[in-house]
Amino acid sequence: MAPPARGSILRAIIVAALLIAFAWTAPLARHRWIQHVLHDDAPPRDPLRLTATSHAVFPRADRVRVVLIDGLAASVAAKQVHLHAACSRGLDLVVDVGFPTVSLPVETALWSGLTQQQSGYMFRSDTPLVPPLVGIPSQVPGSIAIAEDHGWIVRSLGFAHTEPAADPIDVTKDAAPEAWRGQWLQHARAAVASDAKLVFVHILRVDTAGHRSGRDSLLYWVAAGIADSMLDGLLEQAPDARWFLLSDHGHLTRGGHGGAEDELRQVEGCVLGPGITTKTGGPIHIVDLARALADSLGVTLAPAAHGRPLEEAMNFPLHGAQAVPAVPLGHGAFAWLMLAVGVLLAYVARRAWLAPWWFIVACVSWLVIQGEPTLSSSEMWAPSGRAMYVTWLPALAVLGAVTWVGLGRVSLARVVIAQLGLPFAAVAAAISASGAWPLLLGRAIAPVVPHFTAWLSPLILMAAHGAAVVALVVLGRSVRSGFDRHSRPETPSSAAATE
Ligand SMILES: [Zn+2]
């Protein structure tokens, strides 16, 4: 009887080499993708369906004061004594900040009236706007912004005067941060009490505590309490001003933000001061609040701004996920097509046991252990993905066993396609839905959409690890059959591989 063809061993080695090459490069590509998501801008688009039907103008105010407590979740804001007391004296609103729930992009929406999708500002992690935003503050002479720390955010917003100053070497850092920590509140109070028409105070400590310990931690609640006292101290400096009090996003229980979760998007927002009535309402969109700000200051928003008059926004609150931007139709359709191809490829198995069960098990264990992938979760950004792959190690064991048995019964091609076709197609679907294909052509864009961008992070690693396991089993079996060639004739099981 003839020994197994050298050709089949060579074929196995080539297939294994290709899979190993993919397994090696995919995590590196994911790492580059993370950098694009965190630092680049998305191509501008305008998925928000929100149209104003009236031209009512919110009344002007001589002095406008805006205090933003970064990362203060609505559930915690509701328990803050001074914030609650202030809000009960005016318009007490739920404000939907849209997506993504990240400080600079949300604050540019507040100060320009354009959503994150319209501006294309997605994460901009430690990536200031140079030149600064052209929006509301740039139209108000003498406007002042003061930040507790992370001053690069207020320095990006187009205010005439900003503090703290930037570090002369690294503009993402603040100059003399230690000294500033002891002075900043005095500076903020003095600015609020001044004659300046517009003053913005950005309190950061709540967000810092959220990242460190999560929303339910003592640290977070203490930080929220201190921020609340700071707010009270600011309010008493200008009782006759118009005040806008809000947050830019919430925090997950375990800490983190960025995704489209309701608890992150919907924050407390209040407007109070002389002439403002008492009313509760919302959710309104943050761009509605931007219009009220612009009206208060007598400045204009870009023609594309969707913000509605506040009265109208309160009468017609947002429904459901209206503020969550939909995926572009073409991207979504192509993603579904990819998934359909993946299912067809899985069908190549023609045997139930040879279907890509490992991939189903990996996805289900991910959902059970980690929940739906979200951009708010730090594992998304972990370069090694170590926290992720522990989740699907059992699934890889299933893959190894099925591949080993499969190679003994059906052809190499059928095993590889059956095991890896669906996972690879799922990666392609997530790339399509999030609009990430241009990255492969070398374009520097941030492919950020709700849900699918977050799915891409674990899917790339699942596909890479799956490819590595299949490659190793293919190699292992080839080596074995190479030895067998010298000792015994072809086994019935490998004969079946020609079917
Ligand atoms: Zn944060």
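What you see is a predicted model, and the numbers here were worked out from it, not measured in a lab. (Residues numbered from 1 in each chain as written. Predicted model: local features only at pLDDT ≥ 70, side-chain atom pairs only at ≥ 80, totals over all residues.)

Q: Which residues make up the overall build of the protein chain, and what values go with them?
A: If you tally the helices and strands in the protein chain, you get 19 helices and eight strands. Projected onto its principal axes, the C-alpha coordinates of the protein chain cover approximately 100 × 50 × 40 Å. By residue count, 51% of the 499 residues in the protein chain fall in the buried class. In the protein chain, 78% of the contacts between residues at least 6 apart in sequence involve partners at least 24 apart. (Helix = DSSP H or I, 4+ residues; strand = E, 2+ residues; numbered from the N terminus. Buried ≥ 20, exposed ≤ 12 C-beta atoms within 10 Å, placed from the backbone. Contact = placed C-beta atoms within 7 Å.)

Q: Provide a residue-level description of the domain arrangement of the protein chain, including the pertinent values.
A: Many analyses report the size of an interface as the accessible area lost when the parts associate. Domain annotation for the protein chain reports domain 1 (6-43 + 326-498) and domain 2 (64-315). Computed over C-alpha atoms only, the centres of domain 1 and domain 2 are separated by 42 Å. Opposite the 15 residues of domain 1 that make contact, domain 2 presents 17 residues. It is helix α1 (residues 6-39) that contributes the most residues to the side of domain 1 that touches domain 2, three residues altogether. Here the residues of the side of domain 1 that touches domain 2 sort into nine nonpolar, five polar and one charged. (Domains from an automatic or database assignment. Nonpolar A, V, L, I, M, F, W, Y, C, P; charged D, E, K, R; others polar.)

Q: How would you summarise the nonpolar core if you had to cite specific residues and measurements?
A: L245, A290, A430 and V470 are the most contacted members of the largest nonpolar core, which has 145 residues in total. Here the element with the most residues in this core is helix α18 (residues 452-487); it accounts for 16 residues. With near-sequence residues (within four places) excluded, A430 lies in contact with F452, W455, L456 and L459. (Core = buried A, V, L, I, M, F, W, Y, C linked by C-beta atoms within 7 Å.)

Q: Give me the pairing of strand β3 (residues 144-147): which residues, what numbers.
A: With burial as the criterion, each face of β3 is covered, one bearing I144 and I146 and the other bearing A145 and A147. Looking at chain direction, β3 and strand β4 (residues 161-163) are connected through three bridges and run parallel. By the bridge assignment for β4, A145 is matched with T162. Pairing geometry for β3 and strand β5 (residues 198-203), over four bridges, is parallel. Bridge assignment links I146 to a residue of β5, and that residue is V201. (Pairing = 2+ DSSP bridges.)

Q: Just give me the short version of the environment of W392, but keep the residues and values in it.
A: Mapped onto the elements, W392 comes out in helix α15 (residues 386-409). For the pair W392 and H249, spaced 143 residues apart in the sequence, the C-alpha separation amounts to 31 Å. The contacts of W392, once residues within four sequence positions are left out, are A362, S365, W366 and M462.

Q: Give a description of the environment of L68 that names residues and reports values.
A: On the secondary structure map, L68 appears in strand β1 (residues 64-69). C-alpha of L68 to C-alpha of V37: the two residues are 31 residues apart in sequence and 25 Å apart in space. Discounting chain neighbours no more than four positions away, the residues touching L68 are H202, I203, L246, S247 and D248.

Q: So what's going on with the sheet that holds β4? Residues and values would help.
A: Read from one edge to the other, the open sheet built from eight strands follows the order β4-β3-β5-β1-β6-β7-β2-β8, with strand pairing classed as mixed. With partners counted over all chains shown, the strands left at the sheet margins are β4 and β8 (279-285), one partner each. Between one strand axis and the next, the sheet turns by 15 degrees as a mean value, whatever way the strands run. Docked against the sheet, helix α7 (residues 177-193) engages β1, β3, β4 and β5, running at close to 155 degrees with respect to β3. Most of the contacts of helix α11 (residues 286-297) go to β8, to which it runs at about 110 degrees, and overall it touches β1, β2 (91-96), β5, β6 (242-246), β7 (266-272) and β8. (Axes fitted to C-alpha atoms, helices over the stretch in contact; angles between N-to-C directions.)

Q: Requested: an account of the packing of helix α8 (residues 205-213) against helix α9 (residues 218-235), with residues and values cited.
A: Each pair of packed helices gets described by two things: the angle between the helix axes and the distance between those axes. It is at 8 Å that the axes of α8 and α9 come closest, and there the two elements cross at 180 degrees. Between α8 and α9, the interaxial angle falls into the category roughly antiparallel. In contact with R205, V206, A209, G210, R212 and S213 of α8, α9 contributes L219, Y220, A223, A224, I226 and A227. Broken down by class, the residue content of the contact of α8 with α9 amounts to eight nonpolar, two polar and two charged. (Parallel < 35°, antiparallel > 145°, perpendicular 65-115°, else oblique.)

Q: Explain unusual backbone geometry residue by residue, including any values.
A: A negative phi angle characterises most non-glycine residues, just as the trans form characterises most peptide bonds. Residue P131 is bonded to the preceding V130 through a cis peptide linkage, with omega at 0 degrees. With respect to the helices and strands, P131 occurs in the loop between α5 (116-119) and β3. Phi is positive for D126, which is not a glycine, with a value near 50 degrees. Summarising the element assignment, D126 is placed in the loop between α5 and β3. Among the residues examined, D126 registers 15 C-beta atoms within 10 Å and is labelled partly exposed. The phi dihedral of H451 is positive, around 70 degrees, even though this residue is not glycine. By C-beta crowding, H451 is classed as partly exposed, having 19 other C-beta atoms within 10 Å.

Q: Quick one: what's the story with the packing of α7 against α9, residue by residue and with numbers?
A: Closest axis-to-axis distance for the α7/α9 pair is 9 Å, and the angle between their directions is 35 degrees. Pair α7 / α9 crosses with right-handed handedness. Here L185, A188, R189 and V192 of α7 lie close against α9, whose contacting residues are M230, G233 and L234. Residues belonging to the contact of α7 with α9 are distributed by class as follows: five nonpolar, one polar and one charged. (Left-handed = near helix turned anticlockwise from the far one by under 90°.)

Q: Hey, could you go over the environment of T53 for me, with residue numbers and the actual values?
A: Mapping T53 onto the fold places it in the loop between α1 and β1. Each C-alpha atom of the pair T53 and I136 lies 22 Å from the other, and the pair is 83 residues apart in sequence.

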